[in-house]
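# Breakdown of the fold
Listed below are the residues making up each chain.
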Amino acid sequence: MKVDVSSSSKAAQHKHLVLDQGGLDAARNSLDEGAVTPSYGPWRDDVVKLLNDALATELVCVLRYKRHYFTANGVDSPAIADEFLVHANAESAHADRIAERIVQLGGEPDFAPSHLLDRSHAAYDESTDLQSMVRANLVAERIAVEAYRQMITLIGDKDPTTRRMLEDILSEEEEHADELKDWLGH
Ligand SMILES: [Fe+2]
Ligand SMILES: [Fe+2]
């Protein structure tokens, strides 16, 4: 028997684009939740945890770049040392954006220095020569790129604002990694 499934399956696929009135009504309640409405879903704690680990990573990156900037001064490539400071400031700005988002989500940004390194994806580094510094920073940037890419995939459409912020930060980490790669061997 020949069954025409094309029209019925098309009808099943065609779902009208309408808002969920229940969700809109629910947004009138729980005002102390600020930007987080009831439809946010059950993963807020997971997102805050991911963001706090990213915050720790950014803060460790600030410290590593600052250490490198101040100790690399006077070596034969001061332009690269100056770029370490530019990167330190960029990582600090990333940390600020992440901390702000954690607070918007009702979480607490974790700046506790005692366990920053435990939570950071990237390592601190005390290399004393410029090439080792560049290499250590490139490794850290590549780890940051990988971590942000995974976070973006995990968050998907669960939290568009967080995802957009992470996509912005990811593109800057990719620029950092690209610059550092160019400085390898200089
Ligand atoms: Fe960063
Ligand atoms: Fe970076």
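Numbering of residues begins from 1 in every chain and follows the order in which that chain's sequence is written. To read the labels, note that chains go from A and ligands from 1, taken in the order they are written. Totals for whole chains, interfaces and linings use every residue, but because this is a predicted model, local features are given only for residues with pLDDT of at least 70 and side-chain atom pairs only at 80 or more, for both listing and counting.

What follows is about the overall build of the protein. What counts as a helix is a DSSP run of H or I of at least four residues, what counts as a strand is a run of E of at least two, and both are numbered from the N terminus. Each helix and strand counted, the protein has 7 helices and 0 strands in total. Radius of gyration: C-alpha atoms only; globule rule: 2.2 Å multiplied by the number of residues to the exponent 0.38. For the protein, whose C-alpha radius of gyration is 22 Å, the value lies well above the compact-globule estimate of 16 Å for 186 residues. Dimensions of the protein, computed from C-alpha atoms along their principal axes, come out at roughly 80 × 50 × 25 Å. Sorting the 186 residues of the protein into buried and exposed places 27% on the buried side. We call two residues in contact when the distance between their C-beta atoms, placed using the backbone, is within 7 Å. Taking the contacts inside the protein whose residues are at least 6 apart along the sequence as the reference set, 71% of them involve residues at least 24 apart. A residue is called partly exposed when the number of other C-beta atoms within 10 Å of its own lies between 12 and 20, exposed at 12 or fewer, and buried at 20 or more, with C-beta atoms placed from the backbone.

It is worth spelling out helix H4 (residues 78–104) at this point. Think of an α-helix as turning once every 3.6 residues; residues three or four places apart then point the same way. Here H4 spans 40 Å end to end across 27 residues, near enough to the 39 Å set by a 1.5 Å rise per residue. Among all positions in H4, only Ile-80, Glu-83, Phe-84, His-87, Ala-88, Glu-91, His-94, Ala-95, Ile-98, Ala-99, Arg-101 and Ile-102 are buried. In this structure, the buried side of H4 is in contact with helix H3 (44–72), helix H6 (130–155) and helix H7 (160–183). Of the residues trailing H4, Gly-106 is marked for its positive phi of about 85°. Here a helix's expected span is defined as the number of its residues, less one, multiplied by 1.5 Å.

With respect to the secondary-structure elements, Leu-154 resides in helix H6. Exposure remark for Leu-154: the 14 C-beta atoms within 10 Å place this residue in the partly exposed category.

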